[in-house]
Amino acid sequence: MQFPKTLENLFEMAAEFGFYSKLIAQLNKDFLLANLDVVFDNSISPNCLKEKVQNIVLELLNNDYDSYLKLLYIIDVSEYKLKRLNGGDFVVLSEQICFEILLRVWEKVWYRNHYK
């Protein structure tokens, strides 16, 4: 199984496998575990989801770095991948981190459903 390389590809695969609602549920679970008061509705479009997650990441980077680190720890985003990101511009960085978060959540959902 090849994992998605772009957000568009990730959302296409989630729809193809019927995992989009499971992706949202896992994302909600991880945000709750990180003590972030955010709930994503199952009817949210992929573009809105991306924008919302990116805005949350940007807000955490700017104002609550401890919560940002806690979220990444809960979701289990690879430290190696994070170190390779371009940290020059926070908006670009938040978009890249958004992808890494959604990719890791997608991996959790895919593995859980593939090996159940």
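Use the structure listed above.
This structure is a prediction, so every number in the text was calculated from the model and none was measured. The residue numbers shown here count from 1 along each chain, following its written sequence. Owing to the predicted nature of the model, reporting of local features is limited to residues with pLDDT of at least 70; listing and counting of side-chain atom pairs is limited to 80 or more, with chain, interface and lining totals taken over all residues. In computing side-chain properties, one takes all heavy atoms of the structure into account and sets aside hydrogens as well as water.

Let us look at the packing of helix α2 (residues 20-33) against helix α6 (residues 90-114). In this description, a line fitted to the C-alpha atoms serves as the axis of each element, helices being fitted only across the stretch in contact, and the angle between N-to-C directions of two axes falls anywhere from 0 to 180 degrees. In this description a helix means any DSSP run of H or I spanning at least four residues, a strand means any run of E spanning at least two, and both kinds are numbered starting from the N terminus. Packing of α2 against α6 leaves a shortest axis separation of 9 Å and a crossing angle of 115 degrees. In terms of crossing hand, the pair formed by α2 and α6 is right-handed. Along its contact with α2, which presents Lys 22, Leu 23, Gln 26, Leu 27 and Asp 30, the element α6 presents Ile 101, Leu 102, Val 105, Trp 106, Lys 108, Val 109, Arg 112 and Asn 113. Classifying every residue of the contact of α2 with α6 by side-chain character gives seven nonpolar, two polar and four charged. Helix crossings are classified by the rotation of the near helix relative to the far one: an anticlockwise turn of less than a right angle makes the crossing left-handed, while a clockwise turn makes it right-handed. It only takes one pair of heavy atoms within 4.5 Å for two residues to be counted as in contact. Residue polarity is assigned by list, with Asp, Glu, Lys and Arg as charged and Ala, Val, Leu, Ile, Met, Phe, Trp, Tyr, Cys and Pro as nonpolar; anything else, Gly included, falls into the polar class.

In this section: the nonpolar core. The definition of a nonpolar core used throughout is a set of buried Ala, Val, Leu, Ile, Met, Phe, Trp, Tyr and Cys residues joined through side-chain atoms within 4.5 Å. Exposed residues in this analysis have more than 50% of their type's maximum accessible area, buried residues have under 20%, and partly exposed residues fall in between, with area computed by a 1.4 Å probe over protein chains only. In terms of nonpolar packing, the biggest core is built from 40 residues, with Phe 40, Leu 49 and Trp 106 touching the most fellow members. Those elements that provide at least two residues to this core are α1 (7-17), α2, α3 (46-63), α4 (65-75) and α6. When residues in this core are grouped by element, the largest group, 11 residues, is from α6.

Topologically, Asp 30 is positioned in helix α2. Contact partners of Asp 30, with chain neighbours within four places excluded, come to Leu 71, Ile 74, Ile 75, Val 105 and Lys 108. Polar contacts here mean pairs of N or O atoms no more than 3.5 Å apart (in protein, one a potential hydrogen donor and the other a potential acceptor; neighbouring residues in sequence count only if both atoms are side-chain atoms). Within the structure, the side chain of Asp 30 is placed 2.9 Å from the side chain of Lys 108, a separation counted as a polar contact.

To continue, consider α4. Those residues of α4 lying buried are Ser 67, Tyr 68, Leu 71, Leu 72 and Ile 75. Buried residues of α4, viewed axially, fall in a sector of 140 degrees; they line one side. Summarising the geometry of α4, the exposed residues directed more than 90 degrees from the buried face are Asp 66 and Tyr 73. In the stretch just after α4, Asp 76 is the one whose phi turns positive, near 75 degrees. This arc describes the spread of directions from the helix axis toward the C-beta atoms.

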